[in-house]
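Spelled out, the chains give:
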Amino acid sequence: MTKPVRIFWRIFFWGFGCFILFMLMLSWGWIGDMPSIDDIENPSASQASQVFADDGTPMGKYYIEDRVNVQTKDISKHVVNALVATEDKRFYDHSGIDGYSLMRAFLYLGSEGGASTITMQTAKNLFTENWATRNFLLRSIQKLKEGIIAIKLERNFTKEEILTLYLNTVAFGDNVYGIRNASNTFFQKEPDRLNVEEAAVLIGMINGPGIYNPRTNPRRALERRNLVINRMVTKNYIAAAEGEILKKKPIELHYRKLNENNGLGPYFRMILGEEMKKWCKEHKKNNGDPYNLYRDGLKIYTTINPRMQLYAEESVAKHMNAMQKLLNAQDNIKNGTVWKGYENVIEAAIKQSDRWRNLKKDGMDEEEIRKTFDQKTQMHVFAWNNTRGKDTIMTPYDSIKYHRQMLQASFMVMNPLDGQVKAWVGGIDFKTFKYDHANINTKRQVGSTMKPLLYSLAIEEAGFTPNTTVYDQQQSFGGYGMVPATTKTCTGAAMPMALALAKSRNCATAYVLKQLDNNGNNGAKRLIEFLRKCDFQSNIPAYPSIGIGACELSLIEMMQGYSMFPGRGFNAKPMYITRIEDRNGNVLATFTPHRKEVISDVTAYSVIKMMQGVMTQGTGAGIWGYGDLPGGIEIAGKTGTTNDNSDAWFIGYTPQLLAGGWVGCDDRFIRFNTESKNGEGGRAAMPIWAYFMSKAAADPNCGIDTRLTFVKPEGMSEINIDYSNGGIPVLGGEAEDMGTGSEKDYEIPKNIKVEDIVPESQLDEDARAAAKTTENAPKEKDPKKPAADKPVTTPAALPVNKDKKAVMPPPKKPGGGK
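Cut-offs applied
- Residues numbered from 1 in each chain as written.
- Predicted model: local features only at pLDDT ≥ 70, side-chain atom pairs only at ≥ 80, totals over all residues.
- Heavy atoms only, no water.
- 1 Å grid on protein atoms, 1.4 Å probe; cavity = no way out; pocket = protein on both sides within 12 Å on 5 of 7 lines; lining within 4 Å.
- Points joined across faces, edges and corners; volume = space filled by probe spheres on them.
- Nonpolar A, V, L, I, M, F, W, Y, C, P; charged D, E, K, R; others polar.
- Pairing = 2+ DSSP bridges.
- Helix = DSSP H or I, 4+ residues; strand = E, 2+ residues; numbered from the N terminus.
- Salt bridge = Lys/Arg side-chain N within 4 Å of Asp/Glu carboxyl O.
- Buried < 20%, exposed > 50% of the residue type's maximum accessible area, 1.4 Å probe, protein only.
- Phe/Tyr/Trp six-rings, centres within 6.5 Å; stacked < 30°, edge-to-face > 60°.
- Lys NZ or Arg CZ within 6 Å of the ring centre and 35° of its normal.
- Axes fitted to C-alpha atoms, helices over the stretch in contact; angles between N-to-C directions.
- Contact = heavy atoms within 4.5 Å.
- Expected span 1.5 Å × (residues − 1).

Enquirer: When you look at empty space enclosed by the protein in this model, what are you seeing that I'm missing?
Expert: Rolled over the atoms, a probe as big as a water molecule pinpoints where empty space is left. All told, the structure shown has one cavity of 30 Å³ or more when counted by the stated rule. Put simply, the largest cavity is a space of about 60 Å³. For the largest cavity, the full set of lining residues is L407, N645, S646, A648, V663, G664, C665, I670, R671, F672, G679 and A684. Taken together, the residues of the lining of the largest cavity break down into seven nonpolar, four polar and one charged.

Next comes the structure, spelled out in structure tokens:
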């Protein structure tokens, strides 16, 4: 053997040995990362976490890569046949590496096809990173890794399992991964129901998801589909005649991709996502890492009823569309004067806009950026139409004003017996307005919806009943001033407490609060303690004005507070998750209702009877003019209207269901004029409830029994209320008050000393004097009150003088509480 030959073989064997050593180092993970045997036996790819309604209906996903796995049995054979025929026709004959394809790729430098097999592509999808790099050395190492992992996969999985792994991880464009998501997105069907031509479309996309996307490139997608069909014919998966027929068919696409802006309950899913992020941080996987909402394929089962959610969204849209037209017709909205004095609000919004941030990032000077907001440009804005948007030309400055003038709304439906949330609407359009108005962090002044809570406290702890006589008089709270702030709506009339609630009398409500404690401001503190007992979490200032709703609370808190009425005294904490599973269906967490007794069954029923009076005799009586509510259905509820019509509320319930809503603008100075009744709770918020209940009650799938009645506690006497007040008319309070004022309206002005205010000890005398003055002073004729010179019929509990005129006695503390 000549010296050159010996040198050649020496170099060859040394090189071969180095190559083997290099391959072993790759396999052992000494060079770069290499999955362990355990990883290979239990492969995982980033999977989207899925959200399901209470009947299993998919609601949406959280993902970085939109991927959901499926089992082998749930994949159509046409998909598998198309894949093998197109991507790896010798798949069933090799052991992960196809020698023929490898040699062909080497000789023709890839021009006649690549060397990757389906198994190698699966390895790439599952275990390798930076596979799209253009660095030749790195890419070569990646290909060697793919080959090693492919061999290991073939040793640990059957061919069918490898095909399933591949189809669960491959990309189909539009950020859609996996055959199940692809079939649902492009054809709205499960992968086991795909026919030959649909399977060919999807498999054809694999080689170029962007190029062969039937949504964006229908012609290329059609050509690619027909190529796949030809290859299926070549492999004898379908007959040639059938292939010719299929190639003549057009692509029948049914494209619908679930994302954060569509699907059921987008506001709810946003809030749920934040809750789930907290849960993931607090819970660990077996390897000690916290769960990842966007990668770990969690299955989140919720309490949302899909039919009720749909009806809730439809009801909000129907009513808010009409209300926006009314607001837009208001003079100060049409001429723009509503913004006078509030230009700083727009300037602040400008600097918070995406346009400002993007131009700032591009290095533009702030002065120049500001000028761009006064230049007209083409843009897409929200509109009340079928697409919730329209193209128009306006300045960005005007666009900000336009969107901030939109009335917002929140609406929630809940089972009051267990707290399960059945529907959640946080705004008018999630795509444009991402802020949720139903969650615990969004607080608005609640107005008269506070009154049932105060009255329940008075019944529970101070011995009141629905027929207890109360007096519609302004009340002094010592150093905290007078409540209400003015006497303009105080009639001075006596009436049953139930009538005061029905007519939403602020002055009578202040009287009730006053009777809870006559010493200082303890009545307000006592109410706050009661609200804390009901699990209200918001910071509530101890002003007496909170009794008439001059405090800010969230809708979800108010829902929990009201649950004790149909819940027969038991408060139910709102819950919206029933269980969480991992990607394999193992249960990670379950959630059960949290209920506690806060008032007696007798108190709850008493308040129910009073709130039914609101719906038949008071501010809620107009509900029967909206929607198509079934006759005989029992409804109890309360309207709420706050200062200057800034907030409108309605919370109502049947024996089975509790629902509540709020309506208003994010900027409180944008509102219906106080001269208009459109801003009242009975008009702005209550119709949403009526529209929803009309639809839900008519749908058997919602399970609402309209024949059910509120159950009177055993042994309790029936409550009969004289809403005629013995013939003394009592006008509705909200129509006159237009709200409650704020806490600051009841603070003592700095230029007034505390001692200048009527001392607490003199209140009874003052009240008695006021009553006598009211009785004896000459009175002007007032259509709102009975004439002074005419006898009136009074309730039995109200004393009369010799002239048969009602006497207003001094306020007295009712008997001891229960």
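Enquirer: Hey, could you run me through the pairing of strand β17 (residues 577–581) in this one?
Expert: In this structure, strand β5 (residues 299–302) lies alongside β17, joined through four bridges in antiparallel fashion. Of the residues in β17, the one forming a bridge with T302 is I577. Pairing geometry for β17 and strand β18 (residues 587–590), over three bridges, is antiparallel. Bridging from a neighbouring strand, R579 pairs with T590 of β18.

Enquirer: What am I meant to see in the pattern of salt bridges here?
Expert: A side chain of one charge can pair with a side chain of the opposite charge when the charged atoms of the two come close. Scanning all chains against the criterion turns up 33 salt bridges. The closest approach of N and O atoms between R215 and D174, which form a salt bridge, is 3.0 Å. Highlighted residues: R215 in the loop between α9 (196–205) and α10 (218–234) and D174 in the loop between α7 (159–169) and β4 (176–177), separated in sequence by 41 residues. For R215, a relative accessible area of 42% corresponds to the partly exposed category. Its relative accessible area of 23% is what places D174 among the partly exposed residues. One connected set of salt bridges, linked through shared partners, spans E347, R370 and D374.

Enquirer: Looking at this structure, how should I read the packing of aromatic side chains?
Expert: Centre distance and the angle of the planes are the two values used to describe a pair of aromatic rings. The full count for this structure, using the stated rule, is 21 aromatic pairs. For the pair F382 and F433, a centre-to-centre distance of 5.4 Å together with 75° between the ring planes defines the contact as edge-to-face. Here F382, found in the loop between β6 (377–381) and β7 (390–394), pairs with F433, found in the loop between β9 (421–425) and β10 (444–445); they are 51 residues apart in sequence, far enough to count as distant. F433 carries the same exposure label as F382, and that label is buried. Between Y626 and Y691, the aromatic rings sit 6.2 Å apart at their centres with planes inclined by 90°, giving edge-to-face as the arrangement. On the criterion of sequence distance, the pair formed by Y626 in the loop between α24 (601–617) and β20 (636–641) and Y691 in helix α26 (residues 686–698) is long-range, its members being 65 residues apart. Cluster of aromatic residues (ring-pair linked, three or more members): Y562, F565, Y653 and F710. In this structure, R224 packs its charged tip against the face of Y212, placed 5.2 Å from the ring centre. Just above the ring of F430 sits the side chain of K434; from NZ or CZ to the centre is 4.8 Å.

Enquirer: Quick question: what am I supposed to make of the sheet that holds strand β2 (residues 58–62) here?
Expert: Two modes of strand pairing occur in sheets, parallel and antiparallel, and in both the strands are linked by backbone hydrogen bonds. Strand order across the open sheet formed by five strands is β2-β1-β5-β17-β18, with mixed pairing between neighbours. The sheet is open, and its two borders are formed by β2 and β18, each paired with just one other strand. Pairwise comparison of adjacent strand axes, ignoring direction, gives a mean angle of 20° for this sheet. The strands touched by helix α12 (residues 266–282) within the sheet are β1 (49–52), β2, β5, β17 and β18, with β2 carrying the most contacts at an inclination of about 50°.

Enquirer: Where do I start with helix α19 (residues 451–462) in this structure?
Expert: Here α19 spans 15 Å end to end across twelve residues, near enough to the 16 Å set by a 1.5 Å rise per residue. With eleven of its twelve residues buried, α19 lies for the most part within the structure. Those residues of α19 that fall on the buried side of the exposure criterion are K451, P452, L453, L454, Y455, S456, L457, A458, I459, E460 and A462. Those residues of α19 hidden inside the fold are in contact with α20 (497–502), α21 (506–516), α22 (522–533), α23 (555–562), α24 and β20. G463 sits one or two positions beyond α19 and adopts a positive phi of about 75°.

Enquirer: Looking at this structure, I do not really get the environment of A502. What am I missing?
Expert: You can see A502 is positioned in helix α20. Judged by its relative accessible area of 0%, A502 falls in the buried class. When the C-alpha positions of A502 and M610 are compared, they lie 7.1 Å apart, and in sequence the two are 108 residues distant. Not counting the four nearest positions on each side in its chain, A502 is found in contact with G613, V614, G618, T619 and Y723.

On their own, these measurements won't tell you what the molecule is for.
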